[in-house]
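# Coordinate inspection notes
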Amino acid sequence: MNEARFKPGERVRVMKAYPPGHIRTPHYIRGCVGEVERICGAFPNPEELAQMRDGLPAQPLYRVRFLQKNIWPDYAGSASDVLEVEIYQHWLEPA
Amino acid sequence: MKDQDQGKYRPLSYFQLMEISLRELLVEKGILTNAQVDAEVENMRLRTPERGARVVARAWVDADFKKRLLENGTKACEELGLDVPALKLLAVENTPQVHNAIVCTLCSCYPRMLLGIPPDWYKSRNYRSRMVREPRAVLAEFGLNLPEKVQIRVHDSTADMRYIVLPMRPAGTEGWSEERLAALVNRDSMIGVAVPKGPTD
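Conventions and cut-offs
Residues numbered from 1 in each chain as written. Chains lettered and ligands numbered in written order. Predicted model: local features only at pLDDT ≥ 70, side-chain atom pairs only at ≥ 80, totals over all residues. Helix = DSSP H or I, 4+ residues; strand = E, 2+ residues; numbered from the N terminus. Buried ≥ 20, exposed ≤ 12 C-beta atoms within 10 Å, placed from the backbone. Contact = placed C-beta atoms within 7 Å. Axes fitted to C-alpha atoms, helices over the stretch in contact; angles between N-to-C directions. Parallel < 35°, antiparallel > 145°, perpendicular 65-115°, else oblique. Left-handed = near helix turned anticlockwise from the far one by under 90°. Nonpolar A, V, L, I, M, F, W, Y, C, P; charged D, E, K, R; others polar. Pairing = 2+ DSSP bridges. Domains from an automatic or database assignment. Expected span 1.5 Å × (residues − 1). pLDDT = per-residue confidence, 0-100.

The subject of this paragraph is the overall build of chain B. The number of helices and strands found in chain B is twelve helices and four strands. C-alpha atoms of chain B, sized along the principal axes, occupy 55 × 35 × 35 Å. Evaluated residue by residue, chain B yields a buried proportion of 34% over its 201 residues. When contacts within chain B are restricted to residue pairs at least 6 apart in sequence, long-range pairs at least 24 apart make up 69% of them.

Structural data, given as structure tokens:
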């Protein structure tokens, strides 16, 4: 299992990458900056599992909290509204 | 639907054919038996939102259970004899300041072990794409208009976690039994597109 690089409260950026294959990082969140809400544990990498490999070492999985207005510039709603998404560590970089 | 009512012949759809072919192959090759397939379908049918409602009602009457539920949803469900296999359950709590709602934009991840089979709208492109983009408009279409001061927290269930919303206990239900409380909790309030109605609502 890979070590968790980020702690709750830390600011992270979702990588803006478009690799082919089975990816569990939604397109709309790539490139966005948010804050680690919690570490969910480590899970086999679904991108590897989809290729019939074992997905090991397990990847730390985070719940990352984003302000809606940082995702959608024209967001209609309260400035405090948030979105939380599960992102695997290899999709995150420090921000 | 109308065509079926009139007894008109309808060929199997692509996916129906695919399902039958795959199932027959698995049985033919001895990987599954028909009895196992039937048992699993029956199991799926037995999982209904009443399971989730039991969890919510227990959390409303038992503060310690609620604490454990928010810390580790999977373990807390086991206490009630509800098996939540091979994945992690996160309960997210509504408060006067925060309203939670659940969506899966990538496919249709859903806490089936607590809520059963997802409604069609949950799997629709419309709900999945708009719930993360304009949640207030979507909730309003469900009849839920929340004031600006309430933070909307949308959870996109993209990976290994499954979510259930723990709604707020309605006013006027003091002293109610767990069973009576559970009857107030419907599926939509555990997805977060509705809130339970109490006797004074």
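Next, the rest of the story.
Turning our attention to the packing of helix α4 (residues 49-61) of chain B against helix α5 (residues 63-71) of chain B. All names here are of chain B. At a minimum axis distance of 5 Å, the contact between α4 and α5 shows a crossing angle of 125°. By the angle between their directions, the pair α4 and α5 is classed as oblique. As α4 runs across α5, the sense of the crossing is left-handed. Contacts from Val55, Arg58 and Ala59 of α4 reach α5 at Phe65, Lys66 and Leu69. In terms of residue class, the contact of α4 with α5 is built from four nonpolar, no polar and two charged.

Of the residues lining the interface, 19 residues belong to chain B; the matching set on chain A comes to 19 residues. Elements with a contribution of two residues or more to the side of chain B that touches chain A: α10 (135-141) and β3 (151-156) of chain B. If one sorts the elements of the side of chain B that touches chain A by residue count, β3 of chain B sits on top with six residues. Taken together, the residues that form the side of chain B that touches chain A break down as seven nonpolar, four polar and eight charged. In terms of strand pairing, strand β4 (residues 82-88) of chain A meets β3 of chain B through four bridges, oriented parallel. Bridged to Leu83 of chain A within β3 of chain B is Val154 of chain B.

Residues and elements named next belong to chain B. Mapped onto the secondary structure, Ala101 falls in strand β2 (residues 98-103). Ala101 sits in the buried class, given 24 other C-beta atoms within 10 Å. Linking Ala101 and Gly192, residues 91 residues apart in sequence, is a C-alpha distance of 4.1 Å. With near-sequence residues (within four places) excluded, Ala101 lies in contact with Met131, Pro135, Leu139, Ile152, Val154, Val165, Ile191, Gly192 and Val193.

Here the focus is the pairing of strand β1 (residues 11-14) of chain A. Residues and elements named next belong to chain A. The two faces of β1 differ: Val12 and Val14 on one face are buried, but Arg11 and Arg13 on the other face are not. When β1 meets strand β2 (residues 33-43), the two strands line up antiparallel, connected through three bridges. Paired with Arg11 across the two strands is Glu35, which belongs to β2. The sheet contact formed by β1 and strand β5 (residues 92-94) spans three bridges and is antiparallel. Residue pairing across strands places Val14 opposite Leu92, the latter belonging to β5.

Residue and element names in this part refer to chain A. Cis geometry is found at the peptide bond from Leu56 to Pro57, where omega equals 0°. Locating Pro57 in the fold gives a position in the loop between α1 (46-49) and β3 (59-67). Residues other than glycine seldom take positive phi values, yet Met52 does so here, at roughly 65°.

In this section: the domain arrangement of chain B. You can read the domains of chain B as domain 1 (10-45) and domain 2 (48-191). Its C-alpha centre places domain 1 of chain B at a distance of 31 Å from the equivalent point of domain 2 of chain B.

Within the open sheet, the seven strands sit side by side as β5(A)-β1(A)-β2(A)-β3(A)-β4(A)-β3(B)-β2(B). Their pairing is mixed. Strands with a single pairing partner mark the edges of an open sheet, and in this sheet they are β5 of chain A together with β2 of chain B. Across the sheet, the mean angle from the axis of one strand to that of its neighbour is 35°, orientation sign disregarded.

The end-to-end C-alpha separation of helix α2 (residues 14-28) of chain B is 21 Å, in line with the 21 Å expected for 15 residues at 1.5 Å each. Directly beyond the C-terminal end of α2 of chain B, a positive phi value near 75° is found at Gly30 of chain B.

Residue and element names in this part refer to chain B. Burial runs high along β2: five of the six residues are buried. Bridging between β2 and β3 involves six bridges; their strand directions are parallel. Within β3, the residue paired with Ile102 across the bridge is His155.

Okay, the confidence of the model for chain A next. Confidence along chain A averages 95 in pLDDT terms, with 100% of residues attaining 70 or more. Averaged over each element, pLDDT in chain A is lowest for α1 of chain A (92) and highest for β1 of chain A (98).

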